[in-house]
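# Structural overview
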Amino acid sequence: MILETKNLSKSFGPRKAVDNLSLKIPEGSVFGFLGPNGSGKSTTIRMMTDLICPDDGEVLINGLSVQNNHHQALVGVGAFIERADFYKHLSAKTNLEMLARMDGKGFDNIPIVLERVGLFERANDKVKHYSQGMRQRLGIAQALLAKPELLILDEPTNGLDPQGMKEIRDLVRELNSEGITIFISSHLLDEVQKICSHVAIIHLGKFIISGKMEDLLTESELFTTELRVHPIEKAKTILESQDWIHNCEERTGSLFVNVLQEKIPEITTLLTQHECKIKAIIPKTSLEDFYLSKTGKNNG
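So, how was this worked out
Residues numbered from 1 in each chain as written. Predicted model: local features only at pLDDT ≥ 70, side-chain atom pairs only at ≥ 80, totals over all residues. Heavy atoms only, no water. Core = buried A, V, L, I, M, F, W, Y, C linked by side-chain atoms within 4.5 Å. Buried < 20%, exposed > 50% of the residue type's maximum accessible area, 1.4 Å probe, protein only. Contact = heavy atoms within 4.5 Å. 1 Å grid on protein atoms, 1.4 Å probe; cavity = no way out; pocket = protein on both sides within 12 Å on 5 of 7 lines; lining within 4 Å. Points joined across faces, edges and corners; volume = space filled by probe spheres on them. Helix = DSSP H or I, 4+ residues; strand = E, 2+ residues; numbered from the N terminus. Pairing = 2+ DSSP bridges. Axes fitted to C-alpha atoms, helices over the stretch in contact; angles between N-to-C directions. Nonpolar A, V, L, I, M, F, W, Y, C, P; charged D, E, K, R; others polar. Phe/Tyr/Trp six-rings, centres within 6.5 Å; stacked < 30°, edge-to-face > 60°. Lys NZ or Arg CZ within 6 Å of the ring centre and 35° of its normal.

Leu 138, Ile 140 and Leu 151 are the most contacted members of the largest nonpolar core, which totals 46 residues. Not counting chain neighbours up to four residues away, the residues in contact with Leu 151 comprise Gly 78, Ile 140, Ala 143, Leu 144, Leu 175, Ile 180, Thr 181, Ile 182 and Phe 183. Within the second largest apolar cluster, 25 residues are counted, among which are Leu 23, Ala 73, Val 77 and Leu 150.

See the structure below:
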């Protein structure tokens, strides 16, 4: 395990932001750290990177305690936390030179990381002329200055349009293919499902579940099921009247319902009894379904 948290806890006044949290992040993984806003994700990351101290517990990176061996533990770690915050009147290159100087590093790696995130041609442009997606990629470039074996990203796609999300997603895949372990905090479940090999879910600072993505999805109790049925309006009315149907909406000529796996055959019986013609029933498990099945909460 390249990164572990052991019984990590942190309170702010009477509120317990992180409560006895233990995680294990395998080397070489893209690890998604999930939970709704306010669940303790950013607080956990700040303890991982020693920006704040835990009340109890510790963080281990390659077996070294971040709390007791700060410099040795974090030497191979790059982090981009919450948002890209740069001097907007300066160029990307100048911003990175300032950060490298503050960390006692040379400038040799700056062209390399700018090329790596697709900003080499815009290196001398002022950051104020960058799109939000470009600023996020510059934030990742800053994290790569350390030549990390572990990259910690806190909400890297926050506030981005679909194109910006895809750019970050592709970059994460490329970096991971080069051997970098990537720990991603996010509340965007669909994005995490697209890129992560492992996932952990927390809620109100407490551990819910963790494991390989493919294993967890096969354990999901709640399935999104696509129904191709005629007449669709009648079928929708019938299904919405059932309390075991958790959600029912029409999209692109199909109905999509959230339902427990063992209830799927009942859909066929119910609609057939009401003379609806079923063309197809397609169960589709997703990370959102899994999240809902474990927490019973909407991940807004």
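Picking up after the structure, the text goes on.
Our focus in this paragraph is empty space enclosed by the protein. For the structure on display, the rule yields one cavity of 30 Å³ or more. Taken as a whole, the largest cavity holds about 60 Å³ of empty space. Residue lining of the largest cavity: Pro 156, Thr 157, Ile 184, Ser 186, Glu 191, Val 192 and Ile 195, and that is the complete set. Taken together, the elements giving at least two residues each to the lining of the largest cavity come down to strand 8 (181–186) and helix 7 (189–195).

Quick look at the sheet that holds strand 7 (residues 150–154) now. Think of a sheet as strands paired side by side through backbone hydrogen bonds, with each pair either parallel or antiparallel. Here six strands make up an open sheet; going across it, the order is 6-7-8-3-9-10 and the pairing mixed. Two strands in the sheet have a free side with no partner beyond their single neighbour: strand 6 (77–80) and strand 10 (206–212). Adjacent strand axes in the sheet meet at a mean angle of 15 degrees, parallel and antiparallel pairs treated alike. As defined by bridge partners, strand 3 (residues 30–34) adjoins strand 8 across five bridges and the pair is classed as parallel. Paired with Gly 32 across the bridge in strand 8 is Ile 184. Along the sheet, helix 5 (residues 132–144) contacts strand 6 and strand 7; its crossing angle with strand 6, the most-contacted strand, is approximately 160 degrees. Helix-sheet contacts for helix 6 (residues 162–177) involve strand 3, strand 7 and strand 8, and the interaxial angle to strand 8 is about 150 degrees.

Empty space within the largest pocket amounts to approximately 1,000 Å³. Lining the largest pocket are 28 residues, and of these Ala 79, Leu 99, Asp 103, Gln 142 and Ala 143 sit closest to its centre. At the level of elements, helix 2 (70–74), strand 6, helix 3 (92–102) and helix 5 are the ones that each hand at least two residues to the lining of the largest pocket. When its residues are assigned to classes, the lining of the largest pocket shows 16 nonpolar, seven polar and five charged.

The tally for this structure, following the rule as stated, stands at two aromatic pairs. Aromatic pair Phe 31 and Phe 183: ring centres 5.8 Å apart, planes at 10 degrees, arrangement stacked. One end of the pair, Phe 31, is in strand 3; the other, Phe 183, is in strand 8, and 152 residues separate them in sequence. We note that Phe 31, like Phe 183, is buried. Summarising the aromatic geometry, the rings of Phe 33 and Phe 183 are spaced 5.2 Å apart at their centres and angled 40 degrees between planes, so their arrangement reads as tilted. Of the two residues, Phe 33 is situated in strand 3 and Phe 183 in strand 8; the sequence distance between them amounts to 150 residues. Using a relative accessible area of 0% as the deciding quantity, one classes Phe 33 as buried. Under the relative-accessibility criterion, Phe 183 is labelled buried at 0%. One aromatic cluster is present, formed by Phe 31, Phe 33 and Phe 183 through successive ring pairs. In this structure, Arg 251 packs its charged tip against the face of Phe 256, placed 4.0 Å from the ring centre.

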